[in-house]
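What follows is the residue order along each chain.
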Amino acid sequence: MASALAKTKICTEEDYNNLPENVRAELIGGQLYYMSAPGRIHQKILGFLYNRIANYINSGSGPCEVYPAPFAVKLFDNRGDTVEPDISVICDPDRLTDRGCSGAPDWIIEIVSPGNSAYDYVRKLNLYIDAGVREYWIVNSEKKKVVVYHLEDSDFDMDAYTFEDRVKVHIYDDFGIDFKELNL
């Protein structure tokens, strides 16, 4: 007698939208990926980056808006993939909705949590490339490194930095973030 194979439940956008407010998850490829509460260092980095970006934007540097997690980003019109990047910068106000962002943000930052690095370095990188994100940063507090992917000529180029470097923001001509100021 043949044994039955376990079936993985395919989740929908409706399943994601019906999650309780206190549950953080992302919907990628029909699967829900639950997220645990971030740690103190993660939140320190998030606050540092958010403040630098918000101060730059608020100084009159264009129409972009910055949102920290939790902030829902539905990457594609025809798929339910919805993520909650640590930081999303959206320069097209037509992409902003009451629920979050519909379409690819211009710039996404993910802060790696211990034990999930492949999720950010592989799964989300590929998802963001497919969605057309212009710039994607992966910040790794354990290794004190920042990996920056930026779209040029339809290809993502990659640069690597340490927490001792000033990191150029490619969606702007005159903005960079000095990670030495983070004091980790």
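Figured I'd write up the structure that's included with this text. (Residues numbered from 1 in each chain as written. Predicted model: local features only at pLDDT ≥ 70, side-chain atom pairs only at ≥ 80, totals over all residues. Heavy atoms only, no water.)

### Things to note about the nonpolar core
Piece 1. Within the largest apolar cluster, 30 residues are counted, with the highest numbers of intra-cluster contacts made by Val89 and Trp137.
Piece 2. Where this core is concerned, the elements lending two or more residues are helix H2 (40-58), strand E6 (87-90), strand E8 (107-111), strand E9 (135-140) and strand E10 (145-152).
Piece 3. It is H2 that provides the largest number of residues to this core, a total of eight residues.
Piece 4. Counting residues in hydrophobic clusters, the runner-up holds 22 residues, among them Leu75, Leu127, Val133 and Tyr149. (Core = buried A, V, L, I, M, F, W, Y, C linked by side-chain atoms within 4.5 Å. Buried < 20%, exposed > 50% of the residue type's maximum accessible area, 1.4 Å probe, protein only. Helix = DSSP H or I, 4+ residues; strand = E, 2+ residues; numbered from the N terminus.)

### Brief notes about the pairing of E8
Piece 1. Where burial is concerned, most of E8 is hidden: five out of the five residues are buried.
Piece 2. By the alternation rule, side chains of E8 split into Trp107, Ile109 and Ile111 and Ile108 and Glu110, which are all buried.
Piece 3. Summarising the sheet, E6 and E8 pair through three bridges and their orientation is antiparallel. The residue bridging serine 88 from the neighbouring strand is isoleucine 108, located in E8.
Piece 4. Sheet topology places E8 next to E9; five bridges connect them, and they run parallel. (Pairing = 2+ DSSP bridges.)

### A word on the state of the cysteines
Piece 1. The tally for this structure, following the rule as stated, stands at one disulfide.
Piece 2. Bridging cysteine 64 to cysteine 91, the disulfide has an S-S length of 1.9 Å. Judged by the sign of its S-S torsion, about 95°, the cystine formed by cysteine 64 and cysteine 91 is right-handed. Of this pair, cysteine 64 sits in the loop between H2 and strand E3 (65-68) while cysteine 91 sits in the loop between E6 and strand E7 (100-102); the two residues are 27 residues apart in sequence, bridging distant segments of the chain. Judged on exposure class, the residue cysteine 64 and its partner cysteine 91 are both buried.
Piece 3. Free cysteine: cysteine 101, not disulfide-bonded; nearest cysteine sulfur from cysteine 91 at 10 Å. (Disulfide = S-S within 2.5 Å.)

### A few points about the side chain of glutamate 135
Piece 1. Inspection of the secondary structure assignment puts glutamate 135 in strand E9.
Piece 2. For the buried glutamate 135, no salt bridge is present, and the opposite-charge side chain at shortest range is arginine 134, 6.8 Å distant.
Piece 3. In terms of polar contacts, glutamate 135 uses its side chain to reach the side chain of tryptophan 137, at 2.7 Å.
Piece 4. Beyond its immediate sequence surroundings of up to four residues, glutamate 135 is in contact with Asp106, Trp107, Ile108, Val148, Tyr149, His150, Lys168, Val169, His170 and Ile171. (Lys, Arg positive; Asp, Glu negative; His and termini not counted. Salt bridge = Lys/Arg side-chain N within 4 Å of Asp/Glu carboxyl O. Polar contact = N/O pair within 3.5 Å; in protein donor to acceptor, adjacent residues only side chain to side chain. Contact = heavy atoms within 4.5 Å.)

### Regarding H2
Piece 1. Between its first and last C-alpha atoms H2 spans 26 Å; for 19 residues at 1.5 Å apiece the expected length is 27 Å, and the two agree.
Piece 2. The inward-facing, buried residues of H2 contact E3, E6, E8, E9 and strand E13 (176-178).
Piece 3. Among the residues trailing H2, glycine 60 stands out with phi positive, at a value near 100°. (Expected span 1.5 Å × (residues − 1).)

### Quick word on unusual backbone geometry
Piece 1. Residue alanine 69 is joined to proline 70 through a cis peptide bond whose omega torsion reads 0°.
Piece 2. Residue lysine 144 is not a glycine yet carries a positive backbone phi of 50°.
Piece 3. Counting through the fold element by element, lysine 144 comes out in the loop between E9 and E10.
Piece 4. Although it is not a glycine, asparagine 183 adopts a positive phi angle of roughly 55°.

### A short note on the pairing of strand E1 (residues 25-28)
Piece 1. Going residue by residue along E1, you find Ala25 and Leu27 tucked away on one face and Glu26 and Ile28 tucked away on the opposite face as well.
Piece 2. Pairing of E1 with strand E2 (residues 31-34) involves four bridges; the strand directions are antiparallel. Bridging across to E2, isoleucine 28 finds its partner in glutamine 31.
Piece 3. What sits between E1 and E2 in their antiparallel hairpin is a turn of two residues, with glycine 29 showing a positive phi close to 60°.

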